[in-house]
Amino acid sequence: MSELFDAVDALIASRSPLPPPAERKRLRQAHGLTLDEVAAALQVRRATVGGWEAGKTEPRPPERDAYARMLKQLARLYPANAPVPPEDTAIPETPAVAAAPAPSAVEPAQARTAPTGPAAEPANTALRPAAPAAVPRPAVTTRPTSRGPAAKKAAPAGTPAGGTDARFENGPLAVVDVDADGQVLAYCVGGLVLDVPAKSIAALVEWTLGEGRLGQPKLSGPGKDADPLIVLTGAACEHYGLPVTLTKEERLAGRIPEGHKVIKQLTRADWQLTKRGFGPWARIYRPAQGAERSCVQLCIPSWDALDTRHWADTGQLPPADLARLLGTYAARVMTPRGSTAVTGLELMTALRPPTRASEPDATGKRHSEHNPGSLGKDPVDCAPCEAPDGHPVLADLPRFHHRTPAEVLVEEAYDWGRPLTDAECLRPHLVGIDVNMAFAAGANGLTVGLGAPTHVKNPVFDAKLPGSWLVDLSHVDLSRVKVAKDKWVELDGSLLPSPFTPKGERPTGPAWYATPTVAYAVELGYDVRPIEAWVRYDNGRYLDGWYNRLRDAYLATMADLGVGADLSPEEFLAAMDGYRQRDPELAVVVSAVKATVKGGIGKLRERPRGEGWKPGQPWRALARPTWRPDIRAAVISRTRTNMHRKIVKHAALTGQYPVAILSDCAVYASDGPSPLDFLPYRDGKPLPGGFKLGVNPGLVKWEGTQTVLWGEGVREQFNAPELNLARYIKDGTVTDQDTGE
């Protein structure tokens, strides 16, 4: 009988009730889970879970029963049509605040149509299914010189257009300008133009939070909605009593004086500024009164809010075009919160909020609790080896002490070059290839520490355990390395950079390394014996959602520019030729997305910036849970070893070695000017594990081509036989200009 009972139990399990596919996806997203996380928990492939949510396939035992159990628990936490009460998860510097009632003197928002003109061509909509839609170009791009036709009434509240959130029916942001007649206008995404009746900055904030209907829904179930963004043109600054440009002293301070009349107006209206003050990116808020937020972000391009290294001349665009560009970035990444670096860091928190609502207690109330997989709401101390110079944990070191590799973790991107061999000098060209979104690819699937480190003596190395390891890797010989299981190859190690140091030098003794670096030494076939380590037993793939969001933003925008993910190598090179000229504004979005990746990773180890700081004292960034130099080190470590793995695979098959590497760009001597002249393709397929042309993160694109004579001439001019030619390969101009890369 027991066999019959077991059979009945198995039959029932095979039919465990499941909600509809759309509800499965809703429940997963409400809890902030990625497809990868669910797939890992159920021990299936990511595509399998995606198929269940799309209704293409149905799970089978034993996964079905576990999947049904997970969905049942999520349904209890996030019942349909029952919003979860927000928690006290305000980001530092942006207190959670209540929505303030709009003053009765403010007239209802009026929507106006821009003067008629040539209609813009529709954008390319052949995007990835999960990518947000492109923000359409408005009908006209010049600032109106008159009020034009009578204004249209804005859509009534609660009737969103295009299926957007009714609370934010006018989009995430608006560019506020003043026309020739003195009328204040708000240019929103999609070509919408609103009359703005506000006579002061304080009234403008009230209008934005009330009748402006601006903002962006939260990116994660436990998260918070994005604050609305108001971009002020120079004319708007002048209209509201703000300087059009900052003085030299104000630029150095990063703000206007606290006694400025506009700040006094805000204070009288009970509005407050964050500690950063009223600068190029100002946050204006009121203290919390309940669960609602009441905060507006201001952006002032004429105060250099939009760094030209990443945003080009965006600040000079007409208001409608500026709204379209920033709206596209907001729709695909998030509403800008400051520089691209700040936004990149804020995106991590938005996708992995520190807290969530608990299950109801005995009284039916929910409470704020730690959100698993996040960094939490409290900062954690770094290990001494991970601390940058001047950190409080190093306060006891002598003032001018120079830390050795055995005392400090140094995981940085490559900056390496070597002299050309005689054979390479006979080749006519130097060709540079660049890894797309290299640091994003390095973050993809990376397990990082979530909590505080634990100190361990004489540990056994574990590649799955994130942390910092003191180990001697000087015995790793690049002239003989393992490239596959039980497959060793002989290489010319003198022509390769070491994978363990940024400058490519071979280690000479024990040094601190992040887990990916030590794991790569093991991958190359060598034993490692750590002396000590700082490891993090509380860990997870914190950056997966961040990577997915930025990858999709990048691919969607590149697709709009005519560079798709399914092109052959020849088609890809042709599509990349002049892609920026097809739509210069979308090309700026691409640059901003890439800068968001690099800047966000860099912000994980933000250094002190003035404010009277002295070595040994804490600085403001240390109070953030997202100040995590160990995560930054792990991403850079993985990015660098990813690059080295590709050059080793390439050298093993072709006998070709790079002559220079700068971060994500490698330069090779070639018989032809194209990457196809030295990258090995067989029947249109690349070398497994090597360089592959394509638009996806981790694949490569052509960076630039110069002659070997140019390279030798530059090195001779500067008397530097190891000058890094990758730095200048793009256009051949030798300069020390900082491009933000």
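The paragraphs below set out a description of the structure included in this document. A quick note: this is a predicted structure, and the numbers were derived from the prediction, not measured.

Right, let's talk about the side chain of Ser374 for a bit. Mapped onto the elements of the fold, Ser374 is located in the loop between strand S11 (368-370) and strand S12 (415-417). For Ser374, a relative accessible area of 2% corresponds to the buried category. Contact partners of Ser374, with chain neighbours within four places excluded, come to Arg352, Pro353, Pro354, Leu450 and Tyr542.

Before going further, it helps to spend a moment on the packing of helix H11 (residues 319-332) against helix H19 (residues 584-603). Between H11 and H19, whose axes approach to 10 Å, the crossing angle comes to 40°. Relative to H19, H11 is oriented oblique. Taken as a pair, H11 and H19 cross one another with a handedness that is right-handed. In this structure, H11 uses Asp321, Arg324, Leu325, Thr328 and Tyr329 to contact H19, whose residues at the interface are Glu585, Leu586, Val588, Val589, Ala592, Val593 and Thr596. Of the residues belonging to the contact of H11 with H19, the class tally is 7 nonpolar, 2 polar and 3 charged.

An order of S15-S20-S16-S19 is seen for the 4 strands of this open sheet, with the pairing classed as antiparallel. Two strands in the sheet have a free side with no partner beyond their single neighbour: strand S15 (454-457) and strand S19 (510-514). Strand-to-strand twist in this sheet, taken as the mean axis angle between neighbours without regard to direction, amounts to 20°. Relative to S19, strand S16 (residues 467-472) is paired through 5 bridges, and the arrangement is antiparallel. Bridged to Trp469 within S19 is Tyr513. The sheet contacts of helix H15 (residues 515-523) involve S16 and S19, and relative to S19 the element is tilted by about 110°.

Turning next to the pairing of strand S26 (residues 700-707). Extensive coverage of S26 is indicated by the burial of 6 of its 8 residues. Pairing geometry for strand S13 (residues 429-435) and S26, over 7 bridges, is antiparallel. Within S26, the position partnered with Val431 by the bridge is Thr705.

With that settled, consider the pattern of salt bridges. This model, assessed by the stated rule, comprises 36 salt bridges. In this structure, Lys701 engages Asp434 in a salt bridge whose closest nitrogen and oxygen atoms are separated by 2.6 Å. Of this pair, Lys701 sits in strand S26 while Asp434 sits in strand S13, and the two are 267 residues apart along the sequence. One exposure class covers both Lys701 and Asp434, and it is buried.

So, on to unusual backbone geometry. In this chain, Pro61 is followed by Pro62 through a cis amide linkage whose omega measures 0°. Here Pro62 lies in the loop between helix H4 (46-54) and helix H5 (63-77). Although it is not a glycine, Gln43 sits at a positive phi angle of roughly 60°. Looking at where Gln43 falls in the secondary structure, it is placed in the loop between helix H3 (35-42) and H4.

For Pro287, the location among the structural elements is in the loop between strand S8 (281-285) and strand S9 (295-299). Remark: the alpha-carbon pair of Pro287 and Gln272, spanning 15 residues in sequence, is separated by 8.0 Å.

The complete set of buried residues in H4 reads Val49, Gly51, Trp52 and Glu53. Contacts from the buried residues of H4 go to helix H2 (21-30), H3 and H5. Positive phi shows up at Gly55, right after H4, with a value of about 80°.

A word on the sheet that holds S26. In a beta sheet, neighbouring strands pair by backbone hydrogen bonds and run either parallel or antiparallel. Strand order in the open sheet formed by 5 strands is S12-S22-S23-S13-S26, with antiparallel pairing between adjacent strands. Among the strands making up the open sheet, the edge pair consists of S12 and S26. Averaged over all pairs of adjacent strands, the angle between strand axes in this sheet comes to 20°, irrespective of strand direction. In the packing of helix H21 (residues 708-717) onto the sheet, contacts are made with S12, S13 and S26, and the angle to S26 comes to roughly 70°.

This paragraph deals with H5. In a regular helix each residue adds 1.5 Å, so 15 residues correspond to 21 Å; H5 covers 21 Å between its end C-alpha atoms and thus fits that length. Within the sequence span of H5, burial applies to Arg64, Tyr67, Ala68, Met70, Leu71, Leu74 and Leu77.

This part takes up the environment of Arg645. Position of Arg645 relative to the elements: it lies in helix H20 (residues 629-654). Remark: the alpha-carbon pair of Arg645 and Gly689, spanning 44 residues in sequence, is separated by 7.6 Å. Those residues in contact with Arg645 that lie beyond four places of it in its chain are Tyr520, Glu523 and Gly689. A polar side-chain atom of Arg645 sits 2.8 Å from a polar atom in the side chain of Glu523.

So, on to the environment of Asp486. With respect to the element layout, Asp486 can be found in the loop between strand S17 (480-484) and strand S18 (487-490). Since its relative accessible area comes to 66%, Asp486 is described here as exposed. Expressed as a C-alpha distance, the spacing of Asp486 and Gly525, which sit 39 residues apart in the sequence, is 9.1 Å.

Trp546, Met558 and Val593 are the most contacted members of the largest nonpolar core, which totals 106 residues. The contact partners of Val593, leaving out residues within four places of it in the chain, are Tyr329, Val333, Met437, Leu550, Ala553 and Tyr554. Grouped together as the second largest cluster of nonpolar side chains are 35 residues, Val176, Ala198, Tyr240 and Leu246 included.

So, on to the packing of H2 against H5. Contact geometry of H2 with H5 gives a least axis separation of 10 Å together with a crossing angle of 65°. In this structure, the crossing between H2 and H5 has a hand that is left-handed. Residue-level inspection shows Arg24, Leu27 and Arg28 of H2 in contact with H5, the latter providing Tyr67, Leu71, Leu74 and Ala75. The class makeup of the residues in the contact of H2 with H5 is 5 nonpolar, no polar and 2 charged.

Before going further, it helps to spend a moment on the packing of aromatic side chains. Summed over the entire model, instances satisfying the criterion amount to 10 aromatic pairs. Residues Trp488 and Tyr526 carry aromatic rings whose centres are separated by 6.1 Å and whose planes lie at 75° to one another, so their mutual orientation is edge-to-face. Here Trp488, found in strand S18, pairs with Tyr526, found in the loop between H15 and strand S20 (532-535); they are 38 residues apart in sequence, far enough to count as distant. Measuring from centroid to centroid gives 6.2 Å for Phe500 and Tyr513, while their planes differ by 65°, and the two rings are edge-to-face. One end of the pair, Phe500, is in the loop between S18 and S19; the other, Tyr513, is in strand S19, with 13 residues separating them in the sequence. When its relative accessible area of 2% is taken as the criterion, Phe500 is described as buried. Through a chain of ring-to-ring contacts, the aromatic side chains of Trp613, Trp619 and Trp627 assemble into a single cluster.

Rules used throughout
Residues numbered from 1 in each chain as written. Predicted model: local features only at pLDDT ≥ 70, side-chain atom pairs only at ≥ 80, totals over all residues. Heavy atoms only, no water. Helix = DSSP H or I, 4+ residues; strand = E, 2+ residues; numbered from the N terminus. Buried < 20%, exposed > 50% of the residue type's maximum accessible area, 1.4 Å probe, protein only. Contact = heavy atoms within 4.5 Å. Axes fitted to C-alpha atoms, helices over the stretch in contact; angles between N-to-C directions. Parallel < 35°, antiparallel > 145°, perpendicular 65-115°, else oblique. Left-handed = near helix turned anticlockwise from the far one by under 90°. Nonpolar A, V, L, I, M, F, W, Y, C, P; charged D, E, K, R; others polar. Pairing = 2+ DSSP bridges. Salt bridge = Lys/Arg side-chain N within 4 Å of Asp/Glu carboxyl O. Expected span 1.5 Å × (residues − 1). Polar contact = N/O pair within 3.5 Å; in protein donor to acceptor, adjacent residues only side chain to side chain. Core = buried A, V, L, I, M, F, W, Y, C linked by side-chain atoms within 4.5 Å. Phe/Tyr/Trp six-rings, centres within 6.5 Å; stacked < 30°, edge-to-face > 60°.

By themselves, these are just geometric observations and shouldn't be taken as functional.
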